[in-house]
Amino acid sequence: MLFTGPTRTIISEIDEFLNKVSEAGLIFLPAIEDYLKRDFQAFDVRLHQIQMLEAEADTKSHAVENQMYARSLIPENRGDVLGLLESTDNVIDTIKATLMLFSQEHPDIPEAMHNGFLELAEACSLGADALVSAERSFFRDVRAVQDLAHKVFFYEREADRISDSLKRLIFQSDLELAKKIHLRHFATNVEEVSDAAENAAQRLSIYAIKRMV
Amino acid sequence: MELLLYLSSGLFLGWSLGANNAANVFGPAVGTRMIRFRNAALISSIFVVIGATVSGAGAAHTLGSLGAVNALAGSFTVALSAALTVLWMTRHNLPVSTSQAIVGAIIGWNIYSNSITNTQSLSKIVSTWVVCPILSAAFAMILYVLMREFVLRMKLHLLHLDNLTRIGLILVGAFGSYSLGANNIANVMGVFVTANPFSDKVIAGISVTGAQQLFFLGALAIGVGVFTYSERVMKTVGGGLLKLTPLAAFVVVLAQSLVLFLFASERLETFLASHGLPTIPLVPVSSSQAVVGAVLGIGLLKRGAGIRYKVMGEISLGWISSPILAGVISFLLLFFVDNVFQKQVSRQEYFRCGPDVIQELKARGIEDEGLLELESRTFKNPVRMRETVKSLTSLGDAQLHEVIQLSRLGDYQIKASGVRKLYDDGWLSDQQRDALLRLKDNKYKYGWILLRDLAAESAAWRLRADTVENKLWNKSLQEKYRMLLLTFDTSANRSP
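## Notes on the environment of Cys124(A)
All names here are of chain A.
Phase 1 of the analysis: Assignment of secondary structure puts Cys124 in helix H4 (residues 114-140).
Phase 2 of the analysis: Of the residues examined, Cys124 reaches a relative accessible area of 0% and is grouped as buried.
Phase 3 of the analysis: Along the sequence, Cys124 and Val91 sit 33 residues apart, while their C-alpha atoms lie 9.9 Å from each other.
Phase 4 of the analysis: Beyond its immediate sequence surroundings of up to four residues, Cys124 is in contact with Phe28, Val190, Glu191, Val193 and Ser194.

## Describing helix H16 (residues 416-424) of chain B
Along an α-helix, residues three or four apart share an orientation, since each turn contains 3.6 residues.
All names here are of chain B.
Phase 1 of the analysis: Regarding H16, the residues found buried are Gly418, Val419 and Leu422. Down the axis, H16 shows its buried residues gathered within 100° of arc, on one side only.
Phase 2 of the analysis: Residues of H16 that are buried sit in contact with helix H17 (430-438) and helix H19 (471-488).

## Remarks on the packing of helix H2 (residues 37-55) of chain B against helix H7 (residues 210-229) of chain B
Residue and element names in this part refer to chain B.
Phase 1 of the analysis: Viewed as axis vectors pointing N to C, H2 and H7 meet at an angle of 165°, and their least axial separation amounts to 8 Å. When the axis of H2 is compared with that of H7, the two are roughly antiparallel. The handedness of the crossing between H2 and H7 is right-handed. Residues Phe37, Arg38, Ala41, Leu42, Ser44, Ser45, Val48, Val49, Ala52 and Thr53 of H2 form the contact with H7, whose participating residues are Gln212, Phe215, Phe216, Ala219, Leu220, Ile222, Gly223, Val226 and Phe227.
Phase 2 of the analysis: Considered class by class, the residues forming the contact of H2 with H7 number 13 nonpolar, five polar and one charged.

## Quick notes on the packing of aromatic side chains
Two measures describe an aromatic ring pair: the distance that separates the ring centres and the angle between the ring planes.
Residues and elements named next belong to chain B.
Phase 1 of the analysis: Enumeration over the complete set of coordinates arrives at 14 aromatic pairs over all chains.
Phase 2 of the analysis: Judged by centre distance (5.6 Å) and plane angle (50°), the rings of Tyr6 and Phe76 are tilted. Of this pair, Tyr6 sits in helix H1 (residues 2-31) while Phe76 is found in helix H3 (residues 72-91), placing the two residues 70 residues apart along the sequence.
Phase 3 of the analysis: Taken together, a centroid distance of 5.4 Å and an interplanar angle of 40° make the contact between Trp15 and Tyr229 tilted. Placement of the pair is Trp15 in helix H1 and Tyr229 in helix H7, with a sequence separation of 214 residues.
Phase 4 of the analysis: Given the relative accessible area of 24%, Tyr229 is considered partly exposed.

## Notes on the side chain of Glu360(B)
Phase 1 of the analysis: Structurally, Glu360(B) is set in helix H13 (residues 355-363).
Phase 2 of the analysis: For Glu360(B), a relative accessible area of 15% corresponds to the buried category.

## Points about the environment of Gly27(B)
Residues and elements named next belong to chain B.
Phase 1 of the analysis: Tracing the backbone shows Gly27 in helix H1.
Phase 2 of the analysis: Gly27 gets classed as buried once you look at its relative accessible area, which sits at 0%.
Phase 3 of the analysis: Considering only alpha carbons, one finds Gly27 and Val131, 104 residues apart in sequence, at a separation of 22 Å.
Phase 4 of the analysis: Setting aside its immediate chain neighbours within four residues, Gly27 contacts Ala22, Met234, Val237 and Gly238.

## Observations concerning the packing of H1(B) against H2(B)
All names here are of chain B.
Phase 1 of the analysis: As a packed pair, H1 and H2 sit with axes 10 Å apart at the nearest point and diverge in direction by 150°. With respect to H2, the axis of H1 lies roughly antiparallel. Seen along the crossing, H1 lies across H2 with a hand that is right-handed. Of the residues in H2, those touching H1 at Ala22, Phe26 and Val30 are Phe37, Ala40, Ile43 and Ser44.
Phase 2 of the analysis: Across the contact of H1 with H2, the residue classes tally to six nonpolar, one polar and no charged.

The rules behind these values
- Residues numbered from 1 in each chain as written.
- Chains lettered and ligands numbered in written order.
- Predicted model: local features only at pLDDT ≥ 70, side-chain atom pairs only at ≥ 80, totals over all residues.
- Heavy atoms only, no water.
- Helix = DSSP H or I, 4+ residues; strand = E, 2+ residues; numbered from the N terminus.
- Buried < 20%, exposed > 50% of the residue type's maximum accessible area, 1.4 Å probe, protein only.
- Contact = heavy atoms within 4.5 Å.
- Arc of directions from axis to C-beta.
- Axes fitted to C-alpha atoms, helices over the stretch in contact; angles between N-to-C directions.
- Parallel < 35°, antiparallel > 145°, perpendicular 65-115°, else oblique.
- Left-handed = near helix turned anticlockwise from the far one by under 90°.
- Nonpolar A, V, L, I, M, F, W, Y, C, P; charged D, E, K, R; others polar.
- Phe/Tyr/Trp six-rings, centres within 6.5 Å; stacked < 30°, edge-to-face > 60°.

Rendered as structure tokens:
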């Protein structure tokens, strides 16, 4: 009676949405690994998984949005929560878009740069995972949000640093300029995943402060 | 027909009460959009009706403040003035205390009819403006800090917290509405109890007294007021003064209810005293002042950020101006009703400090040579009598008050039909009824002699020692005394 059915459903939908984002973050790194190993079949399977997760996450976030408006739930925080879901959805969208680019453009990445791309993808994947943990705290333990959001900021700075060295490595190489530009474009795209996570974490920090006041 | 017209001003007062005071219980919930206005209005109306019909018809406070006005046209005008004042304040979205508007209107009647105004009621109003918001703000601050800590520690999901807050707001709101109906219906309809046009009925096997039907009608008027006009005041309380969070909204209504319960509940005082526990001093409180105080308390906790001082100033001005405005409107309307419609707005009363009174005063320890000079004089005006007694004697204010009260002349006769009606309406216990019947057909010039004879007949009519435990008994008995004297006074317009 106290925790009515619809509320439970929405809570579980939010949890499932976050699970999708977390899974996508976790798949991102092995997908890049598969690509670099030129195991394109495995890469396509990962990409397909991400596409499914992205579609499911979209469905969940729309369902949450509709339910919240229909039942006038959390009027005070509704805008914040929906904004948060939207910016988190952006992370999974960016992951999908980046992998799609790999699939469409097939960049030729020299072995000397593999490590750089892997490190960058790892920082992005960890950032996305930290974001999901921070968001779960926002709903249950708002005091822990700042600590977890801090991790997201940390991984974003790491991604910045790695991307910077990777781009320098690219332009110091003997590759053709067109290839250099192509690779830089990919470094930037991978890095965008951590930027999207940072953007969501910034919103989250502000909403958490609002809830603490 | 005339009675229905008179009843209309009571209904109008009920309507304005609903339009204004329901905001105190559901304003924060509606202002924070936690409960939709329509749902709040529905819950509020249902519980107001239950409170008024079930609990409000008890003997303890049925007559209400307007019982002091001794002519029906006077009550009509006083109720109309209070209702107009509350309507005016509601139009300006300001939460005001309906009972203070009524007291203001009664003071207007006192001045018009040359009756004595109890200075206590004035100081009570002023102290409510100051003490009640401070108490309520302190409660809200403490509760908010505790509640926030509790919520953070419990690590409830945001949506579960939302759910619980909503349930809390509905429960406290429903309880608040029940109390609103129970405590205020007397002010709306109490004055018509003695001239009640409804007779007792049995509806679906349940017997419903005339008083209950009357109160049900008044409660419906309150409910209609809630539905039709309370939304704007609700929004002032729930968001105009300070933007509240849902948790703060819950704290506001809880702090308000607690302040009313702890500092105004005589039942709690009696309960504590009868269990040998220390009692909490009772102070005059009002839900309108309490709710605004609680909102301010939350604002102060956030170091005053977000408090709209302009709205606060308007609310405070509304508190001060509502009794004054009600008094002025009442005086003017009484003049109008009295002189233009030629309706009697106050009953002529006569006062004589005869030998019986002097003897009784002596028994009560009030003795003064000067009183003997009054023996043969009859006064038409209590204010003038008080001045005369003051000039002839060296009695203090409280003693003067007692002299006037005992000197009030009447024409009392206990009739079996009246006893039966009172008994049926639930005013009398079996012993009280039997004692009254033993004095059947006796005639009395002074009300206090009737009451003295009754007390001699049965312990059920005797005031008890003035202790905290006996406070409720004595209060209820005094209310019954008022009702008896109203019921058995056989002359509408007495002459000595």
